[in-house]
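Spelled out from the first residue to the last, the chains are:
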Amino acid sequence: MEQFDLDLRTCADEPIHVPGSVMPHGVLLGLDEKWVVTHAGGDLDRYFARGWRLGRHIGEIVPEGTLSTLREVPTWSRTPGRNVRCRGDLIGSGGRVDCELSLHRNEQGVLVVEAEPWEDAEREALGGDEALGAVVNAQTETATLDAAVRAIRLLTGYQRVCAYVFDQDYNGTVISETQDESLEVSYLNQRFPASDIPEQARRLYKRKRARLISDIEYVPAAIEALPDAVSPLDLSDAELRSVSPIHIEYLRNMGVRATLVCTLLRDNDLLGMIACHHLEPKYVSPSVRSRAMVIADVAAARLATLRDQSVTNRMLGGYRENAGLLHALTREPESVDALGKHVKRLLKMIDATGAAVIIRDRVFTAGRVPQDRDIRRLSSILRSRCEGTVAVTDHLASLAPEVEHLRDVAAGVLCVKLDDEGPDAALWFRPEIVASVSWAGNPHKAVESDESGLRLTPRKSFDSYVELVRNRSSAWQDWEVEVAGSVRGSVTNVARQLTQLTELATERRQAEQSAREHAMELQAASEAMEAARDEALSASRAKSEFLANMSHEIRTPLTAILGYTELLSDDPPAGEPTNAATGRNLRDEAVETIRRSGEHLLAVINDILDLSKIEAGRMSVERVDCELPKLVGDVVSVMRSRADQRGVELRTVLETAVPSRVLTDPTRLRQVLMNIVGNAVKFTDEGRVEVRVRVAPAAAGEGRRLQFAVEDTGSGLTAEQAELLFRPFEQADTSITRR
């Protein structure tokens with residue numbers, strides 16, 4: 001590994017963009033803003049017959065027609081890195097040279113003009129629409145590259161044309177190849193290490209996408225420059241830039257004399273290359289190279305489209321499974337165990353043989369996975385290496401040699417953190433794939449020692465070198481990492497929801513417990529109320545029984561009193577004093593008063609019994625034919641004695657329209673009148689109390705109504721006291737209760 005790292009560092013340090021020389025099959029001039037020649041290199045005598053030298057204006061060394069052509073390209077000198085091509089003639093030592101000119105401005109601001117020989121245009125037509133159509137219509141990556149290499153070989157005439165694509169580490173594998181039958185060596189399915197094309201070379205291939213070496217045995221032509229000109233000249237975008245000696249040695253060891261390389265580039269992503277090999281020197285013009293580059297561009301676009309389609313379809317499938325997982329979990333959010341039933345969906349999201357979720361210190365698995373304790377261990381290892389929320393490796397043993405024994409189920413692991421602090425994570429596992437990789441030569445033997453010390457050297461042999469690869473799984477693709485990362489949101493949201501539901505469930509249990517306790521309290525209160533009600537009913541029944549007994553006890557002697565009163569009234573003795581006002585015997589009047597009072601007392605007892613009937617719901621009203629004047633007179637007669645004692649005049653007024661007999665409940669009417677008249681007498685200190693009976697005006701559709709009015713000269717009632725009249729057992733003025 002240290003030797004391989006040395007290889008890459010040595011390559012990375014080589015300044016291949018400023019070699020200080022050019023390939024001699026053409027000529028290169030550097031111009032300043034005034035078009036004065038500041039740099040020159042290449043086969044100058046072949047292209048410039050007239051005496052030329054640095055510091056002269058380009059118009060002095062090129063024909064007028066070519067100068068006019070250069071002046072007609074207004075934009076070429078303003079955009080760094082942009083190459084513009086045109087036709088032009090130069091006059092060399094051998095006469096007129098038909099040239100293709102390539103113009104660009106480099107990063108140093110120098111205007112670079114390159115001239116190469118024009119090639120017969122008939123070959124350019126060989127890469128026509130039919131060849132491009134085969135590339136465009138290909139349905140697989142291999143078919144695309146097969147069509148591309150055939151088209152480029154037909155166009156350029158190289159003996160071998162092969163296409164190889166890069167993996168994520170820029171190791172290349174030859175996917176397609178077409179070559180002469182005379183060639184004994186084939187590189188189809190061979191792998192080439194990333195060190196064959198180091199990082200700075202890949203950067204140049206992205207800028208200069210068609211690279212020609214017409215003869216590896218060329219003698220580099222040094223670039224001359226004015227003393228005050230920039231040096232060394234940046235040739236990153238130059239067609240004639242000289243080649244690294246290491247690469248020349250590399251091609252020589254392959255037995256290749258001439259090459260053309262076209263990059264497969266898409267959105268600045270280097271997908272691979274199409275390499276053309278010839279065992280003898282071979283030159284193709286810039287126009288033919290441009291046509292080959294068009295074919296390579298179409299192939300790269302088709303490769304990208306096919307990959308995008310495949311990735312899109314698989315990503316959509318993965319996201320559908322993730323959506324299904326989220327839907328399933330949200331339907332059963334009340335328990336973390338729902339993950340156990342649906343974790344198998346993780347296996348359908350991406351290509352893996354096992355999956356696991358660690359959440360709330362529990363492990364749920366699907367497929368082939370390590371034991372739970374090893375899953376927790378791997379999660380800890382990968383989480384510690386996460387950049388962001390995802391960590392991925394297809395070579396777990398290189399990160400943690402102590403878990404190499406898990407390679408049968410977990411040589412590669414993809415880990416997604418489900419939270420930032422805790423251990424929750426989702427993991428996918430891939431087993432070891434023991435692979436025999438066929439390299440084009442030993443990829444590790446690249447450093448040799450000589451008198452100057454260690455130096456980088458390309459491998460001498462490209463014979464197939466088979467290497468056994470252990471402890472590695474298939475590589476995780478970018479889309480798989482993206483889809484796996486989306487699981488974080490799904491599971492985390494459900495876990496958060498589960499936490500909320502757990503809290504709600506706890507609150508609900510507490511509320512239910514509180515409700516049960518409250519219900520028990522209500523039940524106890526209800527039972528107490530029922531007991532109180534039963535006790536009250538029992539007391540009411542006892543009261544009713546008591547009242548009935550008492551009324552019986554009082555009624556018996558009272559009946560006897562009334563009986564004897566009747567006997568006294570039946571036979572009055574002679575010579576008794578009489579009442580001057582009425583002419584009646586005073587004894588008779590006293591007996592009559594005793595009788596009426598007794599009857600009133602009996603009525604009071606009946607009222608008490610009526611109260612019991614009202615409480616029992618058995619109260620009824622009678623309709624009896626009775627004499628109205630007598631009923632009113634009886635009430636007044638009973639109250640008269642008390643009125644006389646208070647010095648209050650008590651009188652009755654029956655208006656002429658009042659009927660003498662009415663249908664009513666005499667007992668109830670007598671009760672009402674006795675109560676009202678009694679109160680009037682009670683609360684009148686002087687003056688009078690008048691009981692007036694009259695016929696009230698009848699409303700439409702109603703019969704005649706009698707109106708009883710009791711008027712007095714007492715203190716009267718306020719509006720507030722009047723509202724209390726019909727409330728049971730309420731008295732308007734408690735200060736005069738016992739008058």
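Remember, it's a predicted structure, so these values are computed and weren't measured experimentally.

A closer look at the overall build of the chain
Scanning the chain from terminus to terminus reveals 18 helices and 28 strands. Of all 739 residues assigned to the chain, the portion counted as buried reaches 43%. Taking the intrachain contacts of the chain between residues at least 6 apart in sequence as the baseline, contacts between residues at least 24 apart amount to 67%. Counting only carbon and sulfur atoms, one obtains 51% of the accessible surface of the chain, whose full area is about 39000 Å².

Some words on the pattern of salt bridges
What the rule picks out here adds up to 33 salt bridges. Of the charged contacts, one joins glutamate 199 and arginine 202 as a salt bridge, the two residues approaching to 2.9 Å between their closest N and O atoms. With glutamate 199 and arginine 202 both in helix 6 (residues 199-207) and three residues apart, this pair spans about one turn of that helix. With relative accessibility at 38%, the residue glutamate 199 sits in the partly exposed group. Judged by relative accessible area, which is 10%, arginine 202 ranks as buried. The partner of glutamate 649 in a salt bridge is arginine 651, and the shortest N-O contact between them spans 3.8 Å. By relative accessible area, which is 33% here, arginine 651 ends up partly exposed. A single salt-bridge network, built from bridges that share partners, covers Glu649, Arg651, Glu655, Arg688, Glu690 and Arg692.

Section: the side chain of serine 176
Note on placement: serine 176 falls in strand 8 (residues 172-179). Residue serine 176 is classed as buried on the basis of its relative accessible area, which comes to 1%. Within the local environment of serine 176, its side chain forms a polar contact with the side chain of aspartate 146, the two groups lying 2.6 Å apart. Apart from the residues within four sequence positions on either side, serine 176 is in contact with Thr142, Leu145, Asp146, Val149, Val161, Cys162, Ala163 and Leu188.

So, the confidence of the model for the chain
Looking at the chain as a whole, the pLDDT averages 80, with 75% of positions reaching at least 70. When the criterion is pLDDT under 50, residues 1-9 qualifies, and its contacts beyond four places in sequence or with other chains add up to twelve contacts.

Structural notes on the pairing of strand 8
Within strand 8, seven of the eight residues are buried, which leaves it mostly tucked inside the rest of the structure. In this structure, the hairpin formed by strand 7 (residues 160-166) and strand 8 is closed by a connection of five residues, where tyrosine 170 is found at a positive phi of approximately 70°.

A short note on the nonpolar core
Counting 31 residues, the largest nonpolar core has Ile152, Tyr158, Val161, Leu260, Leu264, Ile274 and Ile295 as its most contacted members. Broken down by secondary-structure element, the contributors of at least two residues to this core are helix 4 (129-136), helix 5 (141-156), strand 7, strand 10 (210-213), strand 13 (258-266), strand 14 (269-278) and helix 8 (286-331). At eight residues, the largest contribution of residues to this core is made by helix 8. Apart from the residues within four sequence positions on either side, isoleucine 274 is in contact with Ala148, Val149, Ile152, Val161, Cys162, Ala163, Leu260, Val261, Cys262, Leu264 and Ala296. Counting 26 residues, the second largest nonpolar core, distinct from the first, contains Tyr164, Phe192, Tyr205 and Tyr250.

Structural notes on the sheet that holds strand 18 (residues 412-417)
Overall, antiparallel pairing links the five strands, which are arranged 16-15-19-18-17 in an open sheet. The strands lining the two open edges of the sheet, one partner per strand, are strand 16 (362-367) and strand 17 (390-393). Across this sheet, the average inter-strand angle for adjacent strands is 10°, counted without regard to direction. Pairing of strand 15 (residues 354-359) with strand 16, which is carried by six bridges, proceeds in the antiparallel orientation. If you follow isoleucine 359 over to strand 16, its bridge partner there is arginine 362. Across the face of the sheet, helix 11 (residues 372-383) comes into contact with strand 15, strand 16, strand 17, strand 18 and strand 19 (425-430) while running at roughly 105° to strand 19.

Details of helix 16 (residues 628-646)
Relative to the 27 Å expected for 19 residues at 1.5 Å per residue, helix 16 spans 27 Å between its end C-alpha atoms, a close match to the ideal helical length. The sharpest bend along helix 16 measures roughly 40° and falls at arginine 640. Among all positions in helix 16, only Leu628, Leu631, Val632, Asp634, Val635, Val636, Val638, Met639 and Ala643 are buried. Among the residues trailing helix 16, glycine 647 stands out with phi positive, at a value near 75°.

Side note on the packing of aromatic side chains
Following the criterion strictly, the structure yields four aromatic pairs and no others. Relative to phenylalanine 166, the ring of tyrosine 164 has its centre 5.8 Å away and its plane inclined at 85°; by these criteria the two rings are edge-to-face. The burial state of tyrosine 164 is the same as that of phenylalanine 166; both residues are buried. Over the aromatic face of tryptophan 118 sits the side chain of arginine 87, whose NZ or CZ is 4.0 Å from the ring centroid. The ring of tryptophan 476 carries arginine 430 above its face, with NZ or CZ at 3.8 Å from the centroid.

Notes on the packing of helix 16 against helix 17 (residues 666-682)
Packed helix pairs are specified by the crossing angle of their axes together with the interaxial distance, meaning the distance between the axes. Contact geometry for helix 16 and helix 17: axes closest at 10 Å, N-to-C directions at 25°. Relative to helix 17, helix 16 is oriented roughly parallel. For the pair helix 16 and helix 17, the sense of crossing is right-handed. Across the interface between the two elements, Leu628, Leu631, Val632, Val635, Val638, Met639, Arg642, Ala643 and Arg646 of helix 16 pack against Pro666, Leu669, Arg670, Leu673, Met674, Val677, Gly678, Val681 and Lys682 of helix 17. Class assignment for the residues of the contact of helix 16 with helix 17 results in 13 nonpolar, one polar and four charged.

Remarks on unusual backbone geometry
Cis geometry is adopted by the peptide bond preceding proline 232, which originates at serine 231 and carries an omega value of -5°. Even without a glycine there, the phi angle at asparagine 189 is positive, about 70°. Residue position: asparagine 189 is located in the loop between strand 8 and strand 9 (191-192). Overall, the relative accessible area of 54% leaves asparagine 189 in the exposed class.

Comments concerning the sheet that holds strand 27 (residues 688-696)
A sheet is described by the order of its strands in space; here three strands give the open sequence 25-27-28, paired in mixed fashion. With one partner strand each, in any of the chains shown, strand 25 (649-654) and strand 28 (705-712) form the two edges of the open sheet. For this sheet the average axis-to-axis angle between neighbouring strands, irrespective of direction, equals 15°. Bridge count for strand 27 against strand 28 is eight bridges, and the pairing is antiparallel.

What to know about the side chain of glutamate 432
As for its position among the elements, glutamate 432 is in the loop between strand 19 and strand 20 (435-440). Here glutamate 432 falls in the buried class, since its relative accessible area comes to 15%. Here the side chain of glutamate 432 touches asparagine 471 through a polar contact of 2.7 Å, landing on its backbone nitrogen. If we ignore the near neighbours within four places in the chain, the residues touching glutamate 432 are Arg407, Asp408, Ala411, Arg470, Asn471 and Arg472.

Considerations on the environment of valine 689
Relative to the elements of secondary structure, valine 689 occurs in strand 27. Note: C-alpha distance between valine 689 and alanine 643 (46 residues apart in sequence) is 8.6 Å. Those residues in contact with valine 689 that sit more than four places away from it in its chain are Val648, Glu649, Leu650, Arg651, Ala680, Val681, Thr684, Val710, Glu711 and Asp712.

About the cut-offs
- Residues numbered from 1 in each chain as written.
- Predicted model: local features only at pLDDT ≥ 70, side-chain atom pairs only at ≥ 80, totals over all residues.
- Heavy atoms only, no water.
- Helix = DSSP H or I, 4+ residues; strand = E, 2+ residues; numbered from the N terminus.
- Buried < 20%, exposed > 50% of the residue type's maximum accessible area, 1.4 Å probe, protein only.
- Contact = heavy atoms within 4.5 Å.
- Areas by Shrake-Rupley, 256 points an atom, 1.4 Å probe, with all protein chains shown as cover.
- Salt bridge = Lys/Arg side-chain N within 4 Å of Asp/Glu carboxyl O.
- Polar contact = N/O pair within 3.5 Å; in protein donor to acceptor, adjacent residues only side chain to side chain.
- pLDDT = per-residue confidence, 0-100.
- Pairing = 2+ DSSP bridges.
- Core = buried A, V, L, I, M, F, W, Y, C linked by side-chain atoms within 4.5 Å.
- Axes fitted to C-alpha atoms, helices over the stretch in contact; angles between N-to-C directions.
- Expected span 1.5 Å × (residues − 1).
- Bend = angle between axes of the 7 residues up to and from the residue.
- Phe/Tyr/Trp six-rings, centres within 6.5 Å; stacked < 30°, edge-to-face > 60°.
- Lys NZ or Arg CZ within 6 Å of the ring centre and 35° of its normal.
- Parallel < 35°, antiparallel > 145°, perpendicular 65-115°, else oblique.
- Left-handed = near helix turned anticlockwise from the far one by under 90°.
- Nonpolar A, V, L, I, M, F, W, Y, C, P; charged D, E, K, R; others polar.

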